[in-house]
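Okay, here's what each chain looks like letter by letter:
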Amino acid sequence: MSLYGSFLSDEQFLCSICLDVFNSPSSTPCGHSFCMACISRYWDGCKVCQCPLCKKTFPKRPDLQINRTLREITEQFRYMKGGGGGGGVGTEKKRGGRGDGNVPDYLFDELKKKFPRALPEPLTCETRSLVNDPIPQLLASSAPPPPQLCPSSSRRRFTMSGAVSSQSIAICGIHSRGIMVYCRTDRVCICPECEAEQHQDHDTVSVEDEWRETRSQLSVSSQEIQEMIRERIRKIEEIRMSVSELELAVERETAGSVCLFSALASAIERSQAELMEVMEMSRRSAEHQADAMVRQLELEVQELRRRASALAELAQSNDPSHCVKTFHVLSSPPPTKNWSGVSVTTDLGSGTIYRSLAALLEKFQEELRNFAEKGFPASVLEPSPVRTQPRMRRVQEYALDVTLDGNSAHPRLIVTDDMKSVRCGERHQLLPDNPERFDRVVCVLGSEVISSGRHYWEVEVGGKTDWDMGVARKSISRKGKIDVTPENGYWFLSLRNKNKYAFRTEPSTDVCLTLRPQKIGVFVDFEKGQVSFYNVDAKIHIYTFSDPFTECILPFFSPCTNKSGKNEAPLVITPVNTTE
């Protein structure tokens, strides 16, 4: 085994740019070496010079010089490998090399300077003069390894840019020395040669001493970090609480604004209806007055035309005595009315209504200014339902895909093929009279059996004047006349005559709604025995009824009779939109 085969490898003498053996090698300030021509071409045209290996940037293009030591080592390497050029051979012969794989004295000294840890110490002239394979014999000797190699069980490999790796200590990429010093001034870990060259006047200590001092500060830093974590957790809870308070404020504002604007809208509608009625009465009165005046004028015109005709006949008469007597009678004007100041009344009588509406709007504006400054008070809301009942977004999380049970539908009810819509027809359909079908009450049940948990669904009711909606016990009676009360297993909200809402208890519980809902949300909490109703569009709780459920329940729907087409709109089960 030759020296270069056991100690040096081809890749250590290869330029990383051209991937060939160094030719006129030159070292950059960061310690990496390249062919002079390769690195020069690499930097040509570049605004910022950068090392191709470590990517270190140099603010100014380095003034490179040929690394003579590395060039001589490379030439010797070429010679030992047997493929060296004439320059390498000539240099080797000039310096006394034998070309048999042994290391000349000058080259050995250069290797010691370049790789201080690569060979065991000390190496005497006698050991260097060993024939054939000296390095394996040295490694096989019983001399203990140097102290700096003891922690590593593997052989460290060096390149021209420094040590590749170490299992025990980091190696400086510039000087190939162990990084054992910490510079407190620059806060970096360095090797002893870096300390001597660049950190002479800095505050430096060993890495071990700095670590011992740093370790004592770990507990303090850990406590500070834990306190910062606790502060942020408290802030998270504070933010979440603020969001909850904001949701309550939104509900309060929504309910208050709905009440306020509903009252205004109702007042405007009443004023508009009164205005239409007053103007209609004024129009009719003017028409009657005009008709009376026209009739009287027509009579007077008729009389005047009669006298004009008589005067014309008198002018054609040949009886002077008759003409003289008759002329005095015909020439005197008939009893007529002076129409010069008579006209049809144009006052519509709307001024009083406009003044009343203006006063109402002024009061509304005053209330609006107060609400804008102070917000809606809690008293604007109905007590507790909006604040204590589950909010819309929460109940929508329990959406249930409800479908209609066609086998339970009354014969007059028409259910769509997708089992999502039902309306009442004009006459009975020919359907089998199965036990689960209602025969007197115009209603239908849902197919989904509810025996536990929380469930929610939404139904479109816009355009209908009457409807019933809620839940019913699975075992309810479906034949004959039925008393639809909670005692008999029915819990539902009703609409009658377009504006009368009630919950079917005994007697009925009226529910006052200032805003007419277009879509109703039904929420069931089986364990709590609660049925809640919501105005989906306004996101307002309408009513909650509590009654323990002793058995399974089903969704309940009744579009009511169509009232000769006035209530023909269907009830439509719609998908629950949980993205808002």
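Check the entry above for the structure.
Residues numbered from 1 in each chain as written. Predicted model: local features only at pLDDT ≥ 70, side-chain atom pairs only at ≥ 80, totals over all residues. Heavy atoms only, no water.

1. Quick word on the overall build of the chain
- In terms of helices and strands, the chain carries 13 helices and 22 strands.
- Considering the chain as a whole, with its 580 residues, one finds that 36% of them fall into the buried category.
- For the chain, the proportion of contacts with a sequence separation of at least 24, taken over those separated by at least 6, is 59%.
- Surface summary for the chain: the accessible area is close to 34,700 Å², and the carbon and sulfur share equals 53%. (Helix = DSSP H or I, 4+ residues; strand = E, 2+ residues; numbered from the N terminus. Buried < 20%, exposed > 50% of the residue type's maximum accessible area, 1.4 Å probe, protein only. Contact = heavy atoms within 4.5 Å. Areas by Shrake-Rupley, 256 points an atom, 1.4 Å probe, with all protein chains shown as cover.)

2. A look at the environment of Ser508
- Along the chain, Ser508 falls in the loop between strand E16 (500-503) and strand E17 (509-511).
- In this structure Ser508 touches Ala502 and Phe503, once residues within four positions along its chain are discounted.
- A polar contact of 3.3 Å, which involves the side chain of Ser508, links it to the side chain of Arg504. (Polar contact = N/O pair within 3.5 Å; in protein donor to acceptor, adjacent residues only side chain to side chain.)

3. What about the packing of aromatic side chains?
- Counted according to the given criterion, the structure contains eleven aromatic pairs.
- Judged by centre distance (6.1 Å) and plane angle (70 degrees), the ring pair of Trp43 and Phe58 falls under edge-to-face. Placement of the pair is Trp43 in helix H2 (residues 36-43) and Phe58 in strand E4 (residues 57-58), with a sequence separation of 15 residues. Both residues of the pair, Trp43 and Phe58, belong to the buried class.
- Linked through ring pairs, Phe503, Phe533, Tyr543 and Phe545 together constitute an aromatic cluster. (Phe/Tyr/Trp six-rings, centres within 6.5 Å; stacked < 30°, edge-to-face > 60°.)

4. A short note on the sheet that holds E17
- The strand order across the open sheet formed by six strands is E12-E21-E14-E15-E16-E17, and the pairing between neighbours is antiparallel. One side of each edge strand has no neighbouring strand; the edge strands of this open sheet are strand E12 (444-445) and E17.
- As paired elements, E12 and strand E21 (residues 553-558) share two bridges and run antiparallel to each other. Following the sheet pairing, Val444 is matched in E21 by Phe557. (Pairing = 2+ DSSP bridges.)

5. Details of unusual backbone geometry
- Positive phi is not limited to glycine here, since Ser176 has a value of about 55 degrees.
- With respect to the element layout, Ser176 can be found in the loop between strand E6 (162-163) and strand E7 (181-183).
- Assessed through its relative accessible area of 8%, Ser176 is described here as buried.
- Backbone geometry places Lys498, a non-glycine residue, at a positive phi of 75 degrees.
- By secondary structure assignment, the location of Lys498 is in the loop between strand E15 (490-496) and E16.
- Judged by relative accessible area, which is 46%, Lys498 ranks as partly exposed.

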